[in-house]
Amino acid sequence: VRVCSIFLPEMRWCRLYQTPVTFLSRGAMISGMVYFNATMLTSFTKAMHLSSSLIATVSVTSFNFATTAILSMILFQETLPALWWAGF
């Protein structure tokens, strides 16, 4: 609330965005981002040790694209054309 009163005193809606639930959800999202980035880097490092760098790069990148597409379909009901899945 203090940030709103200092920087945005005329905007009453600012207080709605500073609830404990908002801070907890932001913290959870940031923690999730750090976790998934660490998991991706760990997978990439393991793949680099097990195979050539080209194969590791292609496999990790394609896995990231596929995971992003599947999660966007589940979470946001986003539809992706067949050409996207083919890589065009």
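Each value, and the rule that gives it
Residues numbered from 1 in each chain as written. Predicted model: local features only at pLDDT ≥ 70, side-chain atom pairs only at ≥ 80, totals over all residues. Heavy atoms only, no water. Phe/Tyr/Trp six-rings, centres within 6.5 Å; stacked < 30°, edge-to-face > 60°. Buried < 20%, exposed > 50% of the residue type's maximum accessible area, 1.4 Å probe, protein only. Helix = DSSP H or I, 4+ residues; strand = E, 2+ residues; numbered from the N terminus. 1 Å grid on protein atoms, 1.4 Å probe; cavity = no way out; pocket = protein on both sides within 12 Å on 5 of 7 lines; lining within 4 Å. Points joined across faces, edges and corners; volume = space filled by probe spheres on them.

J.: Just give me the short version of the packing of aromatic side chains, but keep the residues and values in it.
T.: Under the definition given, this model contains two aromatic pairs. Between the aromatic rings of Tyr35 and Phe36, the centroid separation amounts to 5.2 Å while the plane-to-plane angle is 70°, which identifies the pairing as edge-to-face. We note that Tyr35, like Phe36, is exposed. Considering the side-chain rings of Phe65 and Trp84, the 6.4 Å spacing of their centres and the 75° angle between planes classify their relative orientation as edge-to-face. Linking Phe65 in helix H3 (residues 53-76) with Trp84 in helix H4 (residues 82-86), this pair joins segments that are 19 residues apart in sequence.

J.: Describe the layout of surface pockets, naming the residues involved and giving the relevant values.
T.: Estimates place the volume of the largest pocket at around 620 Å³. Forming the walls of the largest pocket are 18 residues, and the residues nearest its centre are Gly32, Phe36, Thr67, Thr68 and Leu71.

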